[in-house]
There are 2 protein chains.
Amino acid sequence: MKKTNLDEMPCPIARALDRVGEWWSILILRDAFYGVSRFDEFEKSLGIAPNMLARRLNGLVEAGLLERRPYQTKPVRYEYVLTDMGRDFRPVMLALMTWGNKYFATEGLAMFLVDERDGHMVDAVLTDRHTGDPITRENHAMYPGPAASERMRTRLENNIARRAAERAAAAMEKRA
Amino acid sequence: MKKTNLDEMPCPIARALDRVGEWWSILILRDAFYGVSRFDEFEKSLGIAPNMLARRLNGLVEAGLLERRPYQTKPVRYEYVLTDMGRDFRPVMLALMTWGNKYFATEGLAMFLVDERDGHMVDAVLTDRHTGDPITRENHAMYPGPAASERMRTRLENNIARRAAERAAAAMEKRA
């Protein structure tokens, strides 16, 4: 029921969560990003019960993030590899890692992103693909598109109006 | 039990999920990003049962992403506003939105990111803060840090070795 509700929302965040919005699924994707593909490897890496793991893997296959394919016959064994949709989830994972490293790496870093061309540690930041400007709270906001629900449109338009009022107030203060 | 397990993992993704790894919590944060702050507004926006909403809001306050503060007395009423930690979650949300828009916006966009300085629609991409280079699968990989568990270190090192072997094979092929 929960699942249906989320998918029925026009919000792209809700729909995205509908596909992966669950701890185990995201940890399975994390492992897939660093090359884990076989059932027993996932099981060992995650310490998850086999029936639970099977359910999550199937869920990710159904959602289109993983592809299941045989890697041996007699007996047949499958591996789970990222599809294009699954690979495109990587920025979400990296943004989660960056946030986790900033706030919860109390014993030092367990994992970090490296540019392998020269080995430097990377601080990943969201930017505008076209201008290269970083995305900031001051300059950027969500706007409703044609497929927005009424509720969402109202909410976003209120936010846009509030931001405009704040900017106007700040400009007035600066002039005074 | 699940909660404890995740927080005990050294992985920054697991720890991040421990704080927010649940649909409702992330949708609450989404609403907070566009200015929702009061209990009844969240309730209306999300169509969530009050006891469920109260539990999630308290969870986000305890985890340090939201701050609860009174906005009126007699009767006292509280609003929930993002802390610095909560605001820093925004790139995760934007990365989720980008991914959701790419794959699930079947009726057109419901929501998109705008640079309000000139009104252009933004395609948000993860880049290296220092070089400005986009993060790619070819050039970037996760490396284990000092706080990695043995299992995590092995997994990441295997991945790094596999990538090096693939690069070497590609270079050989190019020369041949």
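This text goes with the structure placed above it.
A few points on the structure. Here, residues in each chain are numbered from 1, in the same order as that chain's written sequence. A letter from A marks each chain and a number from 1 marks each ligand, given out in the order of writing. Local features in this predicted model are restricted to residues whose pLDDT is 70 or higher, and side-chain atom pairs enter the listing and the counts only when it is 80 or higher, whereas totals over whole chains, interfaces and linings include all residues. Derived side-chain values reflect all non-hydrogen atoms in the structure, with water molecules and hydrogen atoms excluded from consideration.

### Here we look at the overall build of chain A
Here comes step 1: Counting from the N terminus, the helices are the DSSP runs of H or I reaching at least four residues and the strands are the DSSP runs of E reaching at least two. What chain A contains, in helices and strands, is eight helices and six strands.
Here comes step 2: For chain A, the N- to C-terminal ordering of α and β elements is α-α-α-α-α-β-β-α-α-β-β-β-β-α.
Here comes step 3: For the radius of gyration, the atoms used are the C-alpha atoms, and the globule rule reads 2.2 Å times the number of residues raised to 0.38. The C-alpha radius of gyration of chain A comes to 21 Å, more than 25% above the 16 Å expected for a compact globule of 176 residues.
Here comes step 4: Projecting the C-alpha coordinates of chain A onto the three principal axes gives extents of approximately 80 × 45 × 30 Å.
Here comes step 5: In chain A, which comprises 176 residues, the share counted as buried stands at 48%.
Here comes step 6: Residue contacts are defined here by distance: any two heavy atoms, one from each residue, within 4.5 Å place the two residues in contact. For chain A, the proportion of contacts with a sequence separation of at least 24, taken over those separated by at least 6, is 36%.
Here comes step 7: The Shrake-Rupley method, run with a 1.4 Å probe, gives the accessible areas here. Residue values count only the displayed protein chains as cover. Carbon and sulfur atoms make up 51% of the accessible area of chain A, which totals about 8900 Å².
Here comes step 8: Charged residues are defined narrowly, with Lys and Arg counted positive, Asp and Glu counted negative, and His plus the chain ends left uncounted. Taken as the charge centre is NZ of Lys, CZ of Arg, CG of Asp or CD of Glu, depending on the residue. On chain A, the mean spot of the 27 positive side-chain charges and the mean spot of the 25 negative ones are 3 Å from each other. Burial classes: relative accessible area under 20% of the type maximum marks a residue as buried, over 50% as exposed, and values in between as partly exposed (1.4 Å probe, protein chains only).

### Overview of empty space enclosed by the protein
Here comes step 1: With a 1 Å grid laid over protein atoms only, a set of points is called a cavity when a 1.4 Å probe fits there but cannot get out and a pocket when it is open yet has protein on both sides within 12 Å along at least five of seven lines; lining residues have an atom within 4 Å of a point. Grid points are joined across faces, edges and corners, and a volume is the space filled by probe spheres set on the points. What the rule picks out here adds up to three cavities of 30 Å³ or more.
Here comes step 2: Its boundaries defined by the atoms lining it, the largest cavity holds a volume of some 110 Å³.
Here comes step 3: Taken together, 18 residues line the largest cavity, and the ones lying closest to its centre are A:L17, A:I26, B:L17, B:I26 and B:L96.
Here comes step 4: Listed by contribution, the elements that provide at least two residues to the lining of the largest cavity are α2 (12-20), α3 (23-33) and α7 (90-104) of chain A together with α2 (12-20), α3 (23-33) and α7 (90-104) of chain B.

### So, the side chain of A:R163
Here comes step 1: Here A:R163 shows up in helix α8 (residues 150-175).
Here comes step 2: One polar contact links the side chain of A:R163 to the main-chain carbonyl oxygen of A:H140, over a distance of 3.3 Å. Two N or O atoms form a polar contact when they lie within 3.5 Å of each other; inside protein one atom must be a possible hydrogen donor and the other a possible acceptor, and for residues adjacent in sequence the pair counts only when both atoms belong to side chains.

### Observations concerning the packing of aromatic side chains
Here comes step 1: Aromatic pairing here means that ring centres of Phe, Tyr or Trp (its six-membered ring) are within 6.5 Å. Orientation follows from the plane angle: under 30 degrees is stacked, over 60 is edge-to-face, and everything else is tilted. For the coordinates displayed, the defined rule picks out eight aromatic pairs over all chains.
Here comes step 2: Centre to centre, the rings of B:Y103 and B:F104 are 6.3 Å apart; their planes meet at 50°, and the pair counts as tilted.
Here comes step 3: We classify B:F104 as buried; its relative accessible area is 5%.
Here comes step 4: For a Lys NZ or an Arg CZ to count as sitting over a ring, it must be within 6 Å of the ring centre and within 35 degrees of the ring normal. A:R38 extends its terminal NZ or CZ atom over the ring of A:Y71, reaching a point 3.8 Å from the ring centre.

### Topic: helix α5 (residues 50-63) of chain B
Residues and elements named next belong to chain B.
Here comes step 1: A helix is expected to reach a length of 1.5 Å times the quantity of its residues less one. For α5, spanning 14 residues, the distance from its first C-alpha to its last is 20 Å, which sits close to the expected 20 Å at 1.5 Å a residue.
Here comes step 2: On its buried face, α5 sits against α2, α3, α4 (39-46), β1 (66-72), β2 (77-82) and α6 (84-87).
Here comes step 3: Positive backbone phi, at 95°, marks G64, one or two positions downstream of α5.

### Looking at the packing of α7(A) against α2(B)
Packed helices, taken two at a time, are described by their axes: the angle between them and the distance between them.
Here comes step 1: Axis definition: a line fitted to C-alpha atoms, over the contacting stretch in the case of helices. Angles run 0 to 180 degrees between N-to-C directions. Put simply, α7(A) and α2(B) touch, their axes get as near as 8 Å, and they point 85° apart. The angle between α7(A) and α2(B) places the two elements in the roughly perpendicular class. Residues A:M93, A:L96, A:M97, A:W99, A:G100, A:N101 and A:F104 of α7(A) form the contact with α2(B), whose participating residues are B:P12, B:I13, B:R15, B:A16, B:L17, B:R19 and B:V20.
Here comes step 2: Note on residue categories: nonpolar means Ala, Val, Leu, Ile, Met, Phe, Trp, Tyr, Cys or Pro, charged means Asp, Glu, Lys or Arg, and polar means any other residue, Gly included. Taken together, the residues of the contact of α7(A) with α2(B) break down into ten nonpolar, two polar and two charged. Orientation labels follow simple angle bins: below 35 degrees gives roughly parallel, above 145 gives roughly antiparallel, 65 to 115 gives roughly perpendicular, and whatever is left gives oblique.

### Some points on the pairing of strand β2 (residues 77-82) of chain A
Residues and elements named next belong to chain A.
Here comes step 1: Sheet analysis places strand β1 (residues 66-72) next to β2, joined by six bridges and oriented antiparallel. Its bridge partner being in β2, E67 is matched across the sheet by V81.
Here comes step 2: Here, a strand pair is defined by DSSP locating no fewer than two bridges between the strands. Hairpin connection from β1 to β2: four residues lie between these consecutive antiparallel strands, with K74 at a positive phi of about 35°.

### Quick notes on the relation of the copies chain B and chain A
Here comes step 1: Here chain B sits on chain A after a turn of 180° about the axis and a move of 0.0 Å along it, with an RMSD of 0.0 Å. In the structure described here, the two chain copies are related by an operation that fits a two-fold rotation axis. Among all residues of chain B, the one whose C-alpha sits closest to the rotation axis is B:L126, at a distance of 2.2 Å.
Here comes step 2: A symmetric contact is evident, with 99% of the interface residues of chain B recurring at the interface of chain A. Here the copies are superposed with least squares, the fitted atoms being C-alpha atoms of residues at a pLDDT of at least 70 in both.

### A few points about the pattern of salt bridges
Here comes step 1: Salt bridge, as used here, is a side-chain nitrogen of Lys or Arg placed within 4 Å of a carboxyl oxygen of Asp or Glu. A complete count under the given rule lists 26 salt bridges over all chains for this structure.
Here comes step 2: A salt bridge links A:R163 to B:E116; the nearest nitrogen and oxygen atoms lie 2.9 Å apart. On the criterion of chain membership, the pair formed by A:R163 in helix α8 and B:E116 in the loop between β3 (111-115) and β4 (120-121) is interchain, its members lying in two chains. Comparing A:R163 with B:E116, the two get one shared label, buried.
Here comes step 3: Bridged by salt links that share partners, the residues A:D115, A:R117 and B:D133 form one connected network.

### Some remarks on the sheet that holds strand β6 (residues 140-144) of chain B
Here comes step 1: Strand order in the open sheet formed by three strands is β4(A)-β3(A)-β6(B), and the pairing between neighbours is antiparallel. One side of each edge strand has no neighbouring strand; the edge strands of this open sheet are β4 (120-121) of chain A together with β6 of chain B.
Here comes step 2: In the packing of α7(A) onto the sheet, the strands contacted are β3 (111-115) of chain A together with β6 of chain B, and the crossing angle to β3(A) comes to about 125°.

### Re the interface of chain B and chain A
Here comes step 1: The interface of chain B with chain A comprises 98 residues on the first partner and 98 residues on the second.
Here comes step 2: Two parts placed together each lose some accessible area; with a 1.4 Å probe, that loss summed over both constitutes the buried area. The junction of chain B with chain A conceals about 9400 Å² of combined surface from both sides, 64% of it contributed by carbon and sulfur atoms.
Here comes step 3: Between chain B and chain A we count twelve salt bridges in total.
Here comes step 4: The residue makeup of the side of chain B that touches chain A, split by class, is 54 nonpolar, 17 polar and 27 charged.
Here comes step 5: Note: β3(A) against β6(B), five bridges, orientation antiparallel. Bridge pairing links A:M111 to B:P144 in β6(B).

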